[in-house]
Structures are given as C-alpha cells and as structure tokens.
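What follows is each chain in one-letter form.
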Amino acid sequence: MEVLVTGGAGYIGSHVVRELMKTPYDIVVIDNLQKGHREAVLAGEFYRCDLADRQKLDEIFSDHDIGAVIHLAADSLVGESMENPQKYYQNNLTAGLNLLEIMLEHNVMKMVFSSTAAVYGSPDNIPIEESDTAKPASPYGRSKLFYEEILADFDNAYGLGFVSLRYFNACGADYEAGIGEDHDPETHLIPLVLKTALRQRDKLKIFGTDYKTRDGTCIRDYIHVSDLARAHILALEKLEEEGESSIYNLGSGDGFSVKEVIEAAREVTGREIEAEPAERRPGDPPVLIASSEKIRKELGWEREYKDLKNIIETAWRWHSSNPEGYGESKTGKEI
Ligand SMILES: NC(=O)c1ccc[n+]([C@@H]2O[C@H](COP(=O)([O-])OP(=O)(O)OC[C@H]3O[C@@H](n4cnc5c(N)ncnc54)[C@H](O)[C@@H]3O)[C@@H](O)[C@H]2O)c1
Ligand SMILES: O=c1ccn([C@@H]2O[C@H](COP(=O)(O)OP(=O)(O)O[C@H]3O[C@H](CO)[C@H](O)[C@H](O)[C@H]3O)[C@@H](O)[C@H]2O)c(=O)[nH]1
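Nothing here was measured: the structure is a model prediction, and the numbers come from that model. (Residues numbered from 1 in each chain as written. Chains lettered and ligands numbered in written order. Predicted model: local features only at pLDDT ≥ 70, side-chain atom pairs only at ≥ 80, totals over all residues. Heavy atoms only, no water.)

1. Details of the UniProt feature "domain: NAD-dependent epimerase/dehydratase" (unreviewed entry) in the protein
Cross-referencing UniProt, the feature "domain: NAD-dependent epimerase/dehydratase" (unreviewed entry) maps to residues 3-251 in the present numbering. Taken end to end, residues 3-251 comprises 37% helix and 20% strand; its first and last C-alpha atoms sit 24 Å apart. (UniProt positions renumbered as here; feature names shortened; annotations may be inferred. Helix = DSSP H or I, 4+ residues; strand = E, 2+ residues; numbered from the N terminus.)

Following this line, the structure appears as structure tokens:
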C-alpha cells in the first residue's frame, strides 16, 4: 500500500517517514517547503506541492495508488494564530478540506490526522483524558478541533475512517538518521534552550514565573518524536483492520516545568544556559499533561524514551552536530 504523508518534510513528518521506512508501506510525500526541508525526507517520492492546489493534488492521487493519508501539514504556532487567525483557518481548514475532497474523489478512505493538546485549552483535569471537554483557547487549537469534527462527519456520511492523534510536546531527534528539529523562526522550548547552550542565543526568556505550579513556570508533557512517529504506524494498522475511527492523546504522562527543562539541559550539555524571567506568553495554559492510557490499551503503544534527559540528549546530539540545521536548500520535484 502507498501511504501519502502531507508535511513530510517537517519536523514530525520527517520522523514519521523514517518510521514508515521500517514497514512494507510505500511512501509518497507532499510538502510546500514553507517550513520543511527537502533533506529531511529520507525516503519515498517527494512532491513540492501546496495542499491548496487541487490540480496538483489530483495529479498526485492519479499517479499513485494511495491507500491512506497521514496528514501533518499545517501551521502550528499558538501565538501566531492569535495574531493571524485567517492564516490558520485558511491553511488548516480550507487547504485541509481540499485534501479530504480529493481523497473522496479517489476513494481514499483512511486518514491519520495530527491533532494537538491545544484542543483542550486550559483543562479542568490533569492528566487529560480524551473524553475531557475540548475548549481550545486559540484559533490554532480550534482549527484542529474543527478538523476532527469534519473527519467525524465524513466518517458518518462517507465511511472515511480516521485516527486523530492529539500530540503533546514533541521533542528530541533521530540524530542517527540525521534528522532533527529546524524551525525558522524557532519558538519551541527545547531547541531554544539548546541554541542558548550553543551560544547561538544570549539567553532564554522564561515566559511567566508566577503560574500556580511547583516553581511558578509552565508544565508540559514532553514526548520523543520517534515514539510519536511510531504511533502513526499503529494507527495505520488499526485503519487497515477496519477498526472504528478514534481519537488518542499522545504524551508521556509526566510533566516538567520550564525551569526543570532548563536544568536538565544544563546537566546534559554541561554548559551554562542563561535564562531570565519574562512576561507570560498569551495563550499558554499553566499545565498540560496527557493520559495516554487509551492508546496504550487499544493499540499497544509504548514509549521507548522514558527519561527527559535521554530525550534532550538526542536533540543535543542533533543540534550540536548540525548547528545550522539543514541549511537553506529548498529543492524538490515540482509538478
Ligand atoms: N511540534 C509539536 O510539538 C506539535 C504538537 C502538537 C501537534 N503538532 C502538529 O503536528 C504537525 C507537524 O508539526 P511540526 O512540528 O512537524 O511542524 P512543521 O512546521 O515542522 O511541519 C509542518 C510541515 O507542513 C508543511 N506545510 C504546511 N502547510 C502546508 C500546505 N498547505 N501544503 C503543503 N505543505 C504544508 C510545512 O512546510 C512543514 O514542512 C502539525 O499539524 C502540528 O499542528 C505539532
Ligand atoms: O523561549 C521560550 C519558549 C517556550 N517557553 C515555554 O515553554 C513551554 C513550552 O513551549 P513550546 O513553545 O515549546 O510548546 P507549546 O506547549 O507552546 O506548544 C507545542 O505543543 C502544543 C501542544 O501541547 C501545540 O500543539 C503546539 O503546536 C506545539 O508547538 C511553554 O510554557 C512556553 O511558555 C519559554 O518559557 N520560553
């Protein structure tokens, strides 16, 4: 079966492609390279294509015998979505709907979807379960929740089977395969901490030190990107078995504060990492920790990386051996 990965040149998508290489699935990748890197795509047929382009999508679906789609392509920054919601609804919903329409036209009825902890907003219960109320606090979170609802409607009406994976904080790298996190601009905590260790930045800003948490800084659930990526294979297998559509959290079940992450990074790198208190970042909930019991029970998913320092070490190895990330090259087959 051919599996189409949208956003496969991005951080998580490139790790999903890496995990797909260990399976019998054939791989097709679409990415517009707005954020992604051609070099990060280690296998499969690559198309530089925007999901908004119906004609190109139609050609790709005509040229391949696609059996399922893993849909990661999206804009995904909470803060940016507060300032520019139009961009988020346009890309995550309108372009995403284009993809669904083309899938229906070509009778491709299986999707694994990248959702997010941001659908929960500021949750009432910790750890968060999938049945807890989703009250997104940002246009980004809402765009992902709306897409899940569209998928449920398409399942009811057309029998499109889906698995939606609500990722918590993806981090780490498959440094042995030569892939890692390279966003421009970078906004995520762990790469910024490591860039500070590399002296590419003077100091790290800690966004908020007066939250009602154990040390006043926000707590998040950090999950290694390869563990996350492996869950997509399990989700594909579930869809192939014609199971019911499902929504799963994907996190570690452990929470670490911003200060704890910085301290762990100091230990891993053995370097000074200067950090200073700063204003809260709008849209940040104080605590997000997943219960991932459902995916463990139903799909047998387990983490390989259970220790935060191990996870940071994989990211450190990637950043320290690729201080400029992937560089500037943006090549790829355009059709
Ligand atoms: N990084 C996280 O911690 C995290 C957490 C929760 C959910 N997610 C979700 O996971 C997915 C991947 O996130 P990531 O961190 O790898 O981001 P990323 O920006 O590295 O990857 C997204 C990729 O999609 C591509 N893309 C975006 N819009 C496109 C379009 N219209 N057409 C074609 N390609 C397009 C980008 O060029 C990029 O390569 C996103 O859907 C994001 O919302 C990420
Ligand atoms: O320079 C920084 C960067 C981040 N932080 C803090 O570190 C924590 C983690 O921030 P990230 O930006 O790394 O991650 P987020 O939790 O904001 O968001 C990530 O995980 C979410 C789900 O939990 C969403 O899906 C989103 O797409 C994804 O980027 C937050 O408390 C943030 O305020 C800082 O203090 N300083």
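2. Here's the deal with the site of ligand 2
In the vicinity of ligand 2, 20 residues are found, and the nearest of them are Thr116, His188, Lys205, Arg281 and Asp284. For ligand 2, an oxygen atom lies 2.6 Å from a polar atom in the side chain of histidine 188. With respect to ligand 2, the backbone of lysine 205 contributes an N or O atom lying 2.7 Å from a nitrogen atom. Contact with the protein chains removes 92% of the 690 Å² of surface that ligand 2 exposes when unbound. At the level of elements, α6 (189-197) and β8 (204-207) are the ones that each hand at least two residues to the shell around ligand 2. In terms of residues, the shell around ligand 2 owes the most to one element, β8, which gives three residues. Within the shell around ligand 2, the residues separate by chemical class into eleven nonpolar, five polar and four charged. (Near = heavy atom within 4 Å. Polar contact = N/O pair within 3.5 Å; in protein donor to acceptor, adjacent residues only side chain to side chain. Areas by Shrake-Rupley, 256 points an atom, 1.4 Å probe, with all protein chains shown as cover. Nonpolar A, V, L, I, M, F, W, Y, C, P; charged D, E, K, R; others polar.)

3. A closer look at the site of ligand 1
Residues in close proximity to ligand 1 total 28 residues, the closest being Asp31, Leu72, Asn91, Tyr140 and Lys144. Within the contact set of ligand 1, an oxygen atom lies 3.3 Å away from a backbone nitrogen or oxygen of glycine 10. One nitrogen or oxygen atom from the side chain of asparagine 91 is found 2.7 Å from a nitrogen atom belonging to ligand 1. Within the complex, the protein chains bury 96% of what would otherwise be the 820 Å² of accessible surface of ligand 1.

4. Focus on the nonpolar core
Counting residues in hydrophobic clusters, the biggest one holds 61 residues, and the most contacted among them are Ile12, Leu20 and Leu165. The greatest single-element share of this core, amounting to eight residues, is contributed by helix α7 (residues 225-240). Not counting chain neighbours up to four residues away, the residues in contact with isoleucine 12 comprise Leu72, Tyr167, Ala170, Val225 and Leu228. Counting residues in hydrophobic clusters, the runner-up holds 26 residues, among them Ile60, Ala95, Tyr147 and Leu151. (Core = buried A, V, L, I, M, F, W, Y, C linked by side-chain atoms within 4.5 Å. Buried < 20%, exposed > 50% of the residue type's maximum accessible area, 1.4 Å probe, protein only. Contact = heavy atoms within 4.5 Å.)

5. Considering the sheet that holds strand β6 (residues 161-167)
The seven strands are arranged β3-β2-β1-β4-β5-β6-β11 in an open sheet whose pairing can be described as parallel. A strand with exactly one partner marks an edge of an open sheet, and here the two such strands are β3 (45-48) and β11 (246-250). Neighbouring strand axes in the sheet, compared pairwise and without regard to direction, differ in orientation by 15 degrees on average. Contacting β1 (2-6), β2 (26-31), β4 (66-71) and β6, helix α1 (residues 11-20) crosses the sheet at an angle of about 165 degrees to β1. (Pairing = 2+ DSSP bridges. Axes fitted to C-alpha atoms, helices over the stretch in contact; angles between N-to-C directions.)

6. Quick word on the state of the cysteines
This model, assessed by the stated rule, comprises zero disulfides. No disulfide involves cysteine 171; its sulfur sits 16 Å from the nearest other cysteine sulfur, which is in cysteine 218. When its relative accessible area of 2% is taken as the criterion, cysteine 171 is described as buried. (Disulfide = S-S within 2.5 Å.)

7. Things to note about the environment of leucine 57
For leucine 57, the location among the structural elements is in helix α2 (residues 54-63). Each C-alpha atom of the pair leucine 57 and leucine 99 lies 7.5 Å from the other, and the pair is 42 residues apart in sequence. Discounting chain neighbours no more than four positions away, the residues touching leucine 57 are Ile30, Cys49, Leu51, Asn98, Leu99 and Ile102.

8. Examining the pairing of β6
The element β6 is extensively covered by neighbouring structure, given that seven of its seven residues are classed as buried. Residues Gly161, Val163, Leu165 and Tyr167 of β6 are buried on one face, and the alternating residues Phe162, Ser164 and Arg166, pointing to the opposite face, are buried as well. Bridge analysis of strand β5 (residues 110-116) against β6 gives seven bridges, and the strand direction is parallel. Bridge assignment links serine 115 to a residue of β6, and that residue is arginine 166. Chirality of the crossover, the property in question, places the unit of β5, helix α5 (residues 139-158) and β6 among those that are right-handed. Sheet analysis places β6 next to β11, joined by five bridges and oriented parallel. Paired with arginine 166 across the bridge in β11 is asparagine 249. (Right-handed = clockwise from strand over helix to strand, strands pointing away.)

9. Details of the packing of α1 against α7
When two helices pack together, their arrangement is given by the angle between the helix axes and the distance between those axes. Here α1 crosses α7 at 60 degrees, and the two axes come no closer than 8 Å. With respect to each other, α1 and α7 are oriented oblique. As α1 packs across α7, the resulting crossing turns out to be right-handed. Mapping the contact onto sequence places Tyr11, Ile12, His15, Val16, Glu19 and Leu20 in α1 and Val225, Ser226, Leu228, Ala229, Arg230, His232, Ile233 and Leu236 in α7. (Parallel < 35°, antiparallel > 145°, perpendicular 65-115°, else oblique. Left-handed = near helix turned anticlockwise from the far one by under 90°.)

10. Digging into the pairing of β5
A large share of β5 lies buried, amounting to seven of its seven residues. Neither face of β5 is open: one carries Lys110, Val112, Ser114 and Thr116, the other Met111, Phe113 and Ser115, and all of them are buried. As paired strands, β4 and β5 are joined by three bridges and run parallel to one another. When the bridges of β5 are listed, isoleucine 70 appears paired with valine 112.

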